[in-house]
Amino acid sequence: LKKSEDIVTRTQAQTAFDVIEEFQRRNKLELLKTPKTDEIRKYGLGSSPDEKIIGTYMLEREKNHPKLMFISNDKGARILARNAGMPIVEF
């Protein structure tokens, strides 16, 4: 998105990066690594990007990782996330 030809999209993407970076500086945001497909098969998940995101949540929930939420504008991914019990933030 940061290389979009649409100036509004580029500006919004840069703003999103700025917000993410500021939250990281304040130790209020941690980006998690996605697991290998084999690690999430126990949840009935496969190798699609959306399933890996859901699998990351499921694994972290087992570790009692506090305050996880899913932020996406992808309707299909939000449906999967809600089904997994993830808190959702839509934008």
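Worth saying up front: this structure is predicted, and the values here are computed from it rather than measured.

Student: Describe the overall build of the chain, with residues and values.
Tutor: In terms of regular secondary structure, the chain is built from 4 helices and 2 strands. Starting at the N terminus and walking to the C terminus, you meet the elements of the chain as α-α-α-β-α-β. Here the C-alpha coordinates of the chain stretch approximately 45 × 30 × 20 Å along the principal axes. By the burial criterion, 23% of the 91 residues in the chain qualify as buried. Sequence separation of at least 24 residues holds for 21% of the intrachain contacts in the chain that already meet a minimum separation of 6. As displayed, the chain has an accessible area near 7200 Å², and 52% of this comes from carbon and sulfur atoms.

Student: Give me unusual backbone geometry: which residues, what numbers.
Tutor: The backbone phi angle of N27 is positive, close to 55°, even though this residue is not glycine. One can find N27 in the loop between α1 (7-25) and α2 (37-40). Using a relative accessible area of 71% as the deciding quantity, one classes N27 as exposed.

Student: So what about a nonpolar patch on the surface? Which residues, and what values?
Tutor: On the surface, F17, V19, I20, F23, L29 and L31 cluster together into a nonpolar patch covering about 530 Å² of accessible area. Look at V19 and you get partly exposed, because its relative accessible area is 41%.

Student: An account of α1 is needed here, citing residue identities and associated values.
Tutor: Since there are 3.6 residues in each turn of an α-helix, residues three or four apart along the chain are aligned in direction. In this model, α1 (19 residues) spans 27 Å end to end at C-alpha, consistent with the 27 Å of a helix rising 1.5 Å per residue. At the C-terminal side of α1, N27 shows a positive phi close to 55°.

Basis of the calculations
- Residues numbered from 1 in each chain as written.
- Predicted model: local features only at pLDDT ≥ 70, side-chain atom pairs only at ≥ 80, totals over all residues.
- Heavy atoms only, no water.
- Helix = DSSP H or I, 4+ residues; strand = E, 2+ residues; numbered from the N terminus.
- Buried < 20%, exposed > 50% of the residue type's maximum accessible area, 1.4 Å probe, protein only.
- Contact = heavy atoms within 4.5 Å.
- Areas by Shrake-Rupley, 256 points an atom, 1.4 Å probe, with all protein chains shown as cover.
- Patch = residues over 30% accessible without salt bridge, like charges linked within 9 Å, V, L, I, M, F, W, Y side chains within 5 Å.
- Salt bridge = Lys/Arg side-chain N within 4 Å of Asp/Glu carboxyl O.
- Expected span 1.5 Å × (residues − 1).

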